[in-house]
Amino acid sequence: MAKKIAIIDDDQNICRFLGESLKLRGYLVDAFPAADPGLPKILEGGYDLALLDVLLPGLSGLDICRELRSAQQTARLPIILMTAFQKEARHIRQAREEYGASDYLLKPFSLATLHDKVRDLIGTADTPAAEKKFRVEGSLADIPLPQLLHNLYTLKTTGLLHLERSDLKKVVYIKDGYPIFVRSNLLSECLGPLLVREGLITQAQSDDSLAQGKTSDRRQGTVLIEMGLLSPPQLHELLSRQVNDKLLEGFAWADGNYRFVQVRNFKEGVTVINLSPAEMILQGIRRHFADSQVAAILKPHRQRYLLQTENPHYRFQDLRLSRRETEFLALCRGHQTLENLLGRYPLSRHENEQLLAALLIAEVIESREIPVAGGSFAPEPGPTPIDKQQLRESVLADYARLMPLDHFALLGVARNASTEEIRHNYFNLAKQYHPDHFQRQYLSPDLLIKVNQLFQRIGAAYHLLTDPVARRDYTESLGGKTKPHQIDVSDILQAETAFQKGLVFLRTKNYHEALEAFAWSIKLNPKEPEYLTQYAWAKFKCNPTDKERLSEALQALQLSLDLNHKLDKTHLYLGYLLKESGREAEAEKRFEKAIKCNPNCTEALRELRLMNMRRGNASGLFDRVFKK
């Protein structure tokens, strides 16, 4: 008999995602929106596992857990509890001891994590489902786009979100819960019409650039640069704004359908959306939501108390708030109702309603029936921005310094520290190392993994030290001295040191010494794309006429590209090597991609200018734009 799972969650879309993903693994799934329809069915027996959200209308997930444990039929039923709020997570740990809850999930969590926990508790399905792509579909009238985007972020999904309304279509690329690109069939959202509307080019120039692009298989933006009508920085800024606007326009769709299909790989070289999910929801609501839609979001929370969530995954998403908005958000400390907060600023009530609606959907703030004593702790501002190289060095240094520490040293607290002191330090660290702050920095995959590991370790330290029983056991396990978390960081630091030496040798044209240094950095850290890129270039420069070395350098650059396709140097060097191999058309595309990754890549600009001059179609204005 197939294994059967019951889900109780009042978020209809979360139920769909969880249910469909479990069905694909061969489980039978029933989903319920609340305790009233769900609890009686589970009490009848016949389920192998219950998956319960903590915050539910009526009986909470904890109450349901108590009821199930007190009934003979379900006394031993495996139960997984879910919550987005860390205060509830502490209650869940208590529920595990008092009521026997089997495990819990703190949102956001990936579907893979859910599958692992289910498998550990009840094993794999007896009859695995046929191989199919995970997909969920529904109506935008039931699940508006902002809620849908937040659901995808909560479950850290990767795939394509198809939006359809009559003949209008959009496809949103989602990676690990972040929208990164949008395609659209709306003619008004194409680059040419946008430039014409803004008066940057004429309709005739737009038509001419499109015709040239079709003839030479080149992008319209590249042709406009060659025509001298746009500079690369202008094009980069316009493309970024264009892709953002394509997605935000979907917030105006009060009806239509959606379909999400899970995929692993995307087309490379797209112009990435540079908004966090919370910022995207805020901008979309401000631009396109009617007052009635905002009122519907706020209605259940009007007389409830607002406070900033303790879950750093949601709370510390990047938000571009004004000083007034930041001050208003700081007032959400759990001791004023939504209506009271709005009443304090009657002149900006409309803007504040939009802000609160967005933050409630994104779970940056939560609402409670009773006030919270003392309110929620507001952390200090995060670190000031630093350049890319400093960021690399900072991440590596912090990773090496913090990962080996025990939980007390990691949070910078004594063993007798109060819960408030632990919480204070935790929030400061969590904000500093929130993955959002690094998601758009184009760090290598290797460094992004380290950021996530560090963030998770900080959260694990906080969870353990704020649980009195777990903290006592952990302190006893340490004994009189620290037992560091074992991790080998020496190779990471040695690899970075060798890489920096290689860059110095490269600048002074000591190519053999550079190659030796880069080879050592790769030996210590073979999956760092920047190391591979510079290694390939040094190998080529050591002997540019050696065909075998050229082939090896091309292979190293391709491997670097597979790891991170956003490094302009990788595309630039690949262009040089392809040009050296006589593959000029391919080289030209690499130089174009280098500019797309970095509009100020002067070497790629120079190569494109020379190529166009040889073809005899570069205008004098084009020469002036790119004159060095």
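Residues numbered from 1 in each chain as written. Predicted model: local features only at pLDDT ≥ 70, side-chain atom pairs only at ≥ 80, totals over all residues. Heavy atoms only, no water.

Participant: What am I meant to see in the overall build of the protein chain here?
Facilitator: Helix and strand content of the protein chain: 30 helices and 13 strands. Intrachain contacts of the protein chain at a sequence separation of at least 6 include 72% that bridge at least 24 residues. For the protein chain, the accessible area works out to roughly 28,500 Å², and carbon and sulfur atoms hold 51% of it. (Helix = DSSP H or I, 4+ residues; strand = E, 2+ residues; numbered from the N terminus. Contact = heavy atoms within 4.5 Å. Areas by Shrake-Rupley, 256 points an atom, 1.4 Å probe, with all protein chains shown as cover.)

Participant: Would you take a moment to explain helix H10 (residues 232-249) for this structure?
Facilitator: Since one α-helical turn is 3.6 residues long, residues separated by three or four positions face the same way. In a regular helix each residue adds 1.5 Å, so 18 residues correspond to 26 Å; H10 covers 26 Å between its end C-alpha atoms and thus fits that length. Burial in H10 covers these residues: Pro-232, Leu-235, Leu-238, Leu-239, Ser-240, Gln-242, Val-243, Asn-244, Lys-246, Leu-247 and Leu-248. (Expected span 1.5 Å × (residues − 1). Buried < 20%, exposed > 50% of the residue type's maximum accessible area, 1.4 Å probe, protein only.)

Participant: Just to check I follow, could you spell out the packing of aromatic side chains for this structure?
Facilitator: Each aromatic ring pair is described using two quantities: the centre-to-centre distance and the angle formed by the ring planes. Using the criterion set out here, one finds 18 aromatic pairs in the structure. Taken together, a centroid distance of 5.9 Å and an interplanar angle of 75 degrees make the contact between Phe-328 and Tyr-345 edge-to-face. Taken together, the residues Phe-328 in helix H14 (residues 323-330) and Tyr-345 in the loop between helix H15 (338-343) and helix H16 (349-361) connect sequence positions 17 residues apart. Take Tyr-345: its relative accessible area is 31%, and that puts it in the partly exposed class. Three or more aromatic residues joined by ring pairs form one cluster here, namely Trp-537, Phe-540, Tyr-573, Tyr-576 and Phe-591. Cation over ring: Lys-450 sits above Tyr-399, and NZ or CZ is 5.5 Å from the ring centre. (Phe/Tyr/Trp six-rings, centres within 6.5 Å; stacked < 30°, edge-to-face > 60°. Lys NZ or Arg CZ within 6 Å of the ring centre and 35° of its normal.)

Participant: In this structure, what is going on with the sheet that holds strand E8 (residues 168-175)? I would like to understand it.
Facilitator: By way of backbone hydrogen bonds, the strands of a sheet pair with one another, either parallel or antiparallel. In space, the five strands of this open sheet follow the order E6-E10-E7-E8-E9, with antiparallel pairing throughout. Either end of the sheet is taken by a strand with one partner, and the two such strands are strand E6 (135-139) and strand E9 (178-184). Neighbour-to-neighbour, the strand axes of the sheet open up by a mean angle of 15 degrees, direction not taken into account. The sheet contacts of helix H1 (residues 12-23) involve E6 and strand E10 (257-262), and relative to E6 the element is tilted by about 155 degrees. (Pairing = 2+ DSSP bridges. Axes fitted to C-alpha atoms, helices over the stretch in contact; angles between N-to-C directions.)

Participant: What is the right way to look at the pairing of strand E11 (residues 305-308) in this model?
Facilitator: For a regular strand, the rule is simple: side chains alternate between the two faces of the sheet. Across two bridges, E11 lies against strand E12 (residues 333-337) in antiparallel orientation. Its bridge partner being in E12, Leu-307 is matched across the sheet by Arg-333. Bridge analysis of E11 against strand E13 (residues 365-368) gives four bridges, and the strand direction is antiparallel. In the sheet register, Leu-306 faces E13, and the bridge partner there is Ser-367.

Participant: I keep staring at helix H11 (residues 277-288) and nothing clicks. Help me out?
Facilitator: If you check H11, its first and last C-alpha atoms are 16 Å apart, about what 12 residues at 1.5 Å a residue would give, namely 16 Å. With respect to burial, H11 is a largely interior element, nine of its 12 residues being buried. Listed in full, the buried residues belonging to H11 are Pro-277, Ala-278, Glu-279, Met-280, Ile-281, Leu-282, Gln-283, Gly-284 and Ile-285. Along its buried surface, H11 packs onto helix H6 (145-154), E9, H10, helix H12 (291-298) and H16.

Participant: Just checking my understanding: could you explain the packing of H10 against H11 for this structure?
Facilitator: H11 packs onto H10 with a crossing angle of 65 degrees between their chain directions and a minimal axis gap of 9 Å. Judged by the angle between their axes, H10 and H11 are roughly perpendicular. Between H10 and H11 the crossing geometry is right-handed. Between H10, through Asp-245, Leu-247, Leu-248 and Glu-249, and H11, the contact on the second element is made entirely by Met-280, Gln-283, Gly-284, Arg-287 and His-288. Per-class residue counts for the contact of H10 with H11 are three nonpolar, three polar and three charged. (Parallel < 35°, antiparallel > 145°, perpendicular 65-115°, else oblique. Left-handed = near helix turned anticlockwise from the far one by under 90°. Nonpolar A, V, L, I, M, F, W, Y, C, P; charged D, E, K, R; others polar.)

Participant: How should I be thinking about the packing of helix H24 (residues 511-524) against helix H25 (residues 529-542) in this particular structure?
Facilitator: Contact pair H24 / H25: the axes reach a minimum separation of 8 Å and the direction vectors enclose 150 degrees. Regarding the angle of H24 to H25, the classification is roughly antiparallel. For H24 against H25, the interelement crossing comes out left-handed. Contacts between H24 and H25 involve Tyr-511, His-512, Ala-514, Leu-515, Phe-518, Ala-519, Ser-521 and Ile-522 from the first element and Tyr-531, Leu-532, Gln-534, Tyr-535, Ala-538, Lys-539, Lys-541 and Cys-542 from the second. Its residues assigned to classes, the contact of H24 with H25 comprises 11 nonpolar, three polar and two charged.

Participant: How should the sheet that holds strand E4 (residues 79-83) be read in this particular structure?
Facilitator: The five strands lie next to each other as E2-E1-E3-E4-E5, forming an open sheet whose pairing is parallel. Edge strands, defined here as strands with exactly one partner in the open sheet, are strand E2 (28-32) and strand E5 (103-106). Adjacent strand axes in the sheet meet at a mean angle of 15 degrees when their direction is disregarded. The strands touched by helix H2 (residues 35-43) are strand E1 (4-8), E2 and strand E3 (49-53); relative to E1, the strand with the most contacts, the crossing angle is about 155 degrees.

Participant: Could you clarify how one ought to interpret the pattern of salt bridges in this entry?
Facilitator: A side chain of one charge can pair with a side chain of the opposite charge if their charged atoms are brought near each other. Within this structure, the stated rule accounts for 32 salt bridges. Two residues, Glu-369 and Arg-304, come together in a salt bridge whose shortest N-O distance is 3.6 Å. One end of the pair, Glu-369, is in the loop between E13 and helix H17 (388-402); the other, Arg-304, is in the loop between H12 and E11, and 65 residues separate them in sequence. Since its relative accessible area comes to 64%, Glu-369 is described here as exposed. Note that Arg-392 and Glu-496 form a salt bridge whose closest N and O atoms lie 2.7 Å from each other. A residue pair is termed long-range when its members are at least 10 positions apart, and Arg-392 in helix H17 and Glu-496 in helix H23 (residues 490-507) qualify at 104 residues. Take Arg-392 and Glu-496: they sit in the same class, and that class is buried. Through salt bridges with shared partners, a single network forms among Arg-302, Glu-339, Arg-349 and Glu-353. (Salt bridge = Lys/Arg side-chain N within 4 Å of Asp/Glu carboxyl O.)

Participant: I'm lost on the pairing of strand E7 (residues 159-165) in this one. Help?
Facilitator: Within E7, five of the seven residues are buried, which leaves it mostly tucked inside the rest of the structure. With seven bridges connecting them, E7 and E8 associate as antiparallel partners. Counterpart to Leu-160 in the pairing with E8 is Tyr-173. Connecting E7 to the antiparallel partner E8 that follows it, the hairpin turn spans two residues, and Ser-166 within it adopts a positive phi of roughly 55 degrees. As paired strands, E7 and E10 are joined by six bridges and run antiparallel to one another. Residue pairing across strands places Leu-161 opposite Phe-260, the latter belonging to E10.

Participant: Looking at this model, I keep getting lost on the nonpolar core. Mind explaining?
Facilitator: Side chains of nonpolar character tend, in soluble globular proteins, to be buried together. With 78 residues, the main nonpolar core has Leu-18, Leu-51, Leu-114, Leu-161 and Leu-356 as its most contacted residues. No other element matches the seven residues that H16 contributes to this core. If we ignore the near neighbours within four places in the chain, the residues touching Leu-356 are Leu-298, Leu-306, Phe-328, Cys-332, Leu-338, Leu-342 and Ile-365. Counting residues in each nonpolar core, the second largest holds 39 residues, with Leu-524, Cys-542, Tyr-576 and Ile-595 among its members. (Core = buried A, V, L, I, M, F, W, Y, C linked by side-chain atoms within 4.5 Å.)

Participant: For this particular structure, what's the right way to read the confidence of the model for the protein chain?
Facilitator: Should pLDDT be low for a region, the predicted coordinates there are not to be read in detail. The share of residues in the protein chain with pLDDT of 70 or more is 89%, and the mean pLDDT across the chain is 85. Confidence scores differ between elements of the protein chain, with helix H30 (residues 620-625) showing the lowest mean pLDDT of 38 and H16 the highest of 96. Low pLDDT, under 50, characterises residues 618-628; the stretch is placed with 21 contacts to residues that sit more than four places away or in other chains. (pLDDT = per-residue confidence, 0-100.)

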